[in-house]
Amino acid sequence: MAQENLAAPPEEFKPYVPDETAMPEFTWRAALLGMAFGVIFGAVTVYVGLRAGLTVAASIPIAVLSISLLRALGRATILENNIVQTTGSAGESVAGGVIFTLPALIFLGFSLEYTRILMLAVIGGTLGVLFMIPLRRQLIVKEHGNLLYPEGTACADVLIAGERGGSFASRVFYGLGLGSLYTLLQNENAFAVVRSQAAYNPSWLPGASLRATITSEYLGVGYIIGPRIAGVIFAGGVFSWLVMMPAIKFFGSLVPTPIYPGTVPIAQMSSSDLWDSYIRYIGAGAVAAAGLITLVKTLPTIIAALKAGAADLRKENSAVVRLAGRTSQDLKTTVVLAGSAIVVAMMWAFLTFMPVPGAKAGLLANLLASLLVVVFGFLFVTVSSRIVGLIGTSANPISGMAIATLMATCGLFLMAGWTAPAYAALALTIGGTVCIAAANAGNTSQDLKTGFLVGATPSAQQKGLFLGVLASCLIIGGTLMIMNKGLEKFVPTSFPVDATNPPEGVVVENRSFDHDGRAYVLLNVIGSRTVPEGKYLLNPQTGQVELKWIQGIGSEEAPAPQARLMSVVINGILNRKLPWGLVLIGVFVVVAVELLGIRSLSFAVGSYLSIGTTAAIFCGGVVRWLAERGLEKKSGDEETSPGALFASGLIAAGGIVGLLAIAVKAMEKAGWVGKDLLKLGPRFGLDESNLVAMLAFGLLAYSLYHFARKPLEGAK
């Protein structure tokens, strides 16, 4: 298969479909099916990424499903299937870049706007594809044999096996079916027959909590990332929830007054309160430090990528470039130049005519910001592509690149005196667009590598990538807003605030905010020493805050750790009001982890997430360890193993059904359907049982183990 061709020099390499062979490739059915997959997997990535803090490559599941679906519609070619997976996987990568950054708008005190998210996703995703057009020859063709692009190579193996008659799709469909049934029964926004989270709060260790959010998508994610990474992530959760939180509770309970950034005495705090007030800052500091350390570690690769790119631009391309065959036809350079100019114009128009309220800059400043996006975009697109070629998409330090962009942007803003909260959102706009471009470039590189190995026409793939970006961008913003609305809660609270003369850090956002038919004053709190961060509803008659508005994104159900870290970086530079002691604890914890020889980014993400998430992911890793015991391991088979395909189905099922359930919940809150329309759990009386929840999760885990051990049909 594709693995056999990796060592061949570029000039001797022969793709699976010869250059001179003509067959259907960029057909309407392939493009439309790919766009549909882009929409589905874009939405699933938003759902899983916000909840688990991780994303999983979608190319292989899409390729597997495409082979089966197009075969049912009539004979399909391997190049058509490649267009489907190329177009569809663009949705996953753009969604990944969006969720790592743009939800930080909520943490900065702003609202999510569909048009803003749509524009930034389109601009960033388009940049990622545009810049990979001229870089393809250098990185994919000339560096063949040096840059392996592991996920792209594995996807090529799947396509070639499908062409030769191998059957993979049934395993994905089994996972999709069982995962959907389980999610319907378990999801608290669906039937809720089975409890969604098993929990144990030990009385002998105050402040600690051991939980497991037993979802199908977490089990699948844990299986795919494997026992080692899943174990490191869980170790981060153990450190936060079973070490740091009990320590904070033990010492803090001796202090009768609140300790900043908390606003109530620690003795009165639950484990969730401890996480919200203290651990999330420690975790954000850990994720920021780990991202920067990962970026520093890849500096040699970055420098080599820039040197290689500069050398390629200085000289005429070699004979490889001059080949006029089908497999050497990229979109023209004029498309890249014109596209880049259009992106600059779009970004300028967006900043000029749809500015962040309160951060309106001059025409020249907006032009400079637009050029900054393109310059940083090209830099990190080059870096991202070379890194994923060496070590795979999962190790791509996207968050580190976004942090570097934000630090540079916020540094310029600080020198210009732009430190108002609105400029924090403007900095995020620039950093978020670059992050989306870098994330999409890494995935685009894997797709182009797949095409190179199977003998695809590059220009056809590039057209598919543009379509995939545009299609998925239509759903990503809406998915974010549905999750934010569907998972939101209004929690009763009571304390006085003088809305006519609010304390430091408290801003009156709306003096006539309607909730449940009553008018409230909406308060937005950031950086206050007396009121916890968040949004509050104040009764104007009594002067008392009555409700805390906990938005869906940022809650334990969707913590969005990378986006939280972006807000920490921005606030730390522009307003310098962070609890730096907690942030620095996270930084030095990561330094200690690095000194132990452990890759710190996984540990840092685990230290931020709820232990309920990390425990369930760890269970998936354990299932993989058990399933692979005694089996012969083959290099490159990890992505296409029976268990990995079944796990992909579990992830897709959890994401799709979970999103549909949240959409129903959002409709309930809007008054379009009756309350608790789907909830059947209370009728059976099983929805509060930890034992029943663990047994159900155990059965799902056993099904994963069973199908992981069972050979694929037709596998040799």
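All values derive from a computational prediction rather than experimental measurement.

### Structural notes on the environment of E557
- By the element assignment, E557 lies in the loop between strand 7 (544–550) and helix 17 (561–574).
- Placed 74 residues apart in sequence, E557 and M483 show a C-alpha to C-alpha distance of 9.8 Å.
- Sequence-distant contacts of E557, that is, excluding residues within four places in its chain, are made with R51, E188, L487 and K489.
- At a separation of 3.0 Å, a polar atom in the side chain of E557 contacts the side chain of S555.

### Side note on the nonpolar core
- The biggest cluster of nonpolar side chains holds 194 residues, and the ones touching the most others in it are L50, V98, L480 and M483.
- If one sorts the elements of this core by residue count, helix 15 (residues 421–454) sits on top with 19 residues.
- Beyond its immediate chain neighbours, meaning those up to four positions away, L50 contacts T45, I99, P103, L480, M483, I553, A558, P559 and A560.
- Residues A499, V506, V521 and Y536 belong to the second largest nonpolar core, which totals 11 residues.

### Some points on the sheet that holds strand 7
- Strands sit in the order 3-7-6-5-4 across an open sheet of five strands; the sheet is antiparallel. Of all the strands in the sheet, the pair left with one neighbour each is strand 3 (489–496) and strand 4 (506–515). The mean inter-strand angle of the sheet, taken between neighbouring strand axes irrespective of direction, is 30 degrees.
- Relative to strand 6 (residues 534–539), strand 5 (residues 518–525) runs antiparallel, the two sharing five bridges. Within the sheet, the bridge partner assigned to L522 lies in strand 6 and is L537.

So, how was this worked out
Residues numbered from 1 in each chain as written. Predicted model: local features only at pLDDT ≥ 70, side-chain atom pairs only at ≥ 80, totals over all residues. Heavy atoms only, no water. Helix = DSSP H or I, 4+ residues; strand = E, 2+ residues; numbered from the N terminus. Contact = heavy atoms within 4.5 Å. Polar contact = N/O pair within 3.5 Å; in protein donor to acceptor, adjacent residues only side chain to side chain. Core = buried A, V, L, I, M, F, W, Y, C linked by side-chain atoms within 4.5 Å. Buried < 20%, exposed > 50% of the residue type's maximum accessible area, 1.4 Å probe, protein only. Pairing = 2+ DSSP bridges. Axes fitted to C-alpha atoms, helices over the stretch in contact; angles between N-to-C directions.

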